[in-house]
Amino acid sequence: MLEDTFINEFRVKPISPEKVVSSVDGETAYSLKTILRGLRHSPAKGEEMISNIPVTDTTIGFESDTECDFVPYVLITYNADKSENARYEYGDHAPGEEKYQEECRFKRGDKVLCLMHEGYDAVFPGIVVGPLTEEYLRKLYETNEDMQIDFSSADDAVEEWLDWNWDSVIVRPLVRLKNDWEEMGDIVMVNRVYVFPYKKFEV
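Rules and cut-offs
Residues numbered from 1 in each chain as written. Predicted model: local features only at pLDDT ≥ 70, side-chain atom pairs only at ≥ 80, totals over all residues. Heavy atoms only, no water. Core = buried A, V, L, I, M, F, W, Y, C linked by side-chain atoms within 4.5 Å. Buried < 20%, exposed > 50% of the residue type's maximum accessible area, 1.4 Å probe, protein only. Helix = DSSP H or I, 4+ residues; strand = E, 2+ residues; numbered from the N terminus. Contact = heavy atoms within 4.5 Å. Phe/Tyr/Trp six-rings, centres within 6.5 Å; stacked < 30°, edge-to-face > 60°.

Visitor: What am I meant to see in the nonpolar core here?
Guide: General note: in soluble globular proteins, nonpolar side chains tend to be found buried as a group. If you look at the biggest cluster of nonpolar residues, it comprises 35 residues, and the most contacted ones within it are Phe124, Leu177, Val190 and Tyr194. It is strand S7 (residues 111-116) that provides the largest number of residues to this core, a total of 5 residues. Setting aside residues no more than four positions away along its own chain, Leu177 makes contact with Ile15, Lys19, Val20, Val21, Ala29, Tyr120, Ala122, Phe124, Glu183 and Met184. In terms of nonpolar packing, the next biggest core, distinct from the first, is built from 14 residues, Leu132, Tyr136, Ala154 and Ile170 among them.

Visitor: Is there a simple way to explain the packing of aromatic side chains in this structure?
Guide: Aromatic ring pairs are defined here through the distance separating the ring centres and the angle between the ring planes. Scanning the model with the defined rule gives 7 aromatic pairs in all. Taken together, a centroid distance of 6.1 Å and an interplanar angle of 85° make the contact between Phe10 and Tyr194 edge-to-face. On the criterion of sequence distance, the pair formed by Phe10 in strand S1 (residues 2-13) and Tyr194 in the loop between strand S11 (188-191) and strand S12 (195-197) is long-range, its members being 184 residues apart. The buried category is assigned to Phe10, whose relative accessible area is 0%. Accessibility expressed as a relative area gives 6% for Tyr194, which makes it buried. Centre to centre, the rings of Tyr30 and Phe201 are 5.5 Å apart; their planes meet at 85°, and the pair counts as edge-to-face. Taken together, the residues span a long stretch of sequence, with Tyr30 in strand S3 (residues 30-40) and Phe201 in the segment after S12 at a distance of 171 residues. On the basis of relative accessible area, Tyr30 is assigned to the buried category, the value being 2%.

Structure representation (structure tokens):
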């Protein structure tokens, strides 16, 4: 069942040094602060609300998130200047389907800022490697114990991977972080809509 549209503002704040595993060339990661700005009955009304939210020096952007059964159905991210960053709409992102490897506004080799929840709640710089591939997911299954608990085989992982998670890009972090149970590898998956233009913040 479709839910209301959640309007969130994303800000950065200093990250605990204990969460940083390594960094390249003085690059900086940040802790993510998500502020719920309100609820609306449609993404269109959400865009109107976002246009009226004041922007701070630590605002990275905004999101309009309409979910169905606790998974994004239509999720739109906006830059700090209120321009649209990226849009996800449910369906057809798995291998062999129409929107598999949906085009990202950033190309291979671009330096970007990535927003990641998954126990990190962080914003970190990285270099785009490319879109998520079935081959990458199969290789990840062979080394990731959590995936091996959740799925009985690599085939099952590919078959059951959520449409939302297929719409991801592979990024090489320039600052590697850790959460309570894992460290980032040399490359990580980031949902395409959570890849933003590169910027350094003074926090």
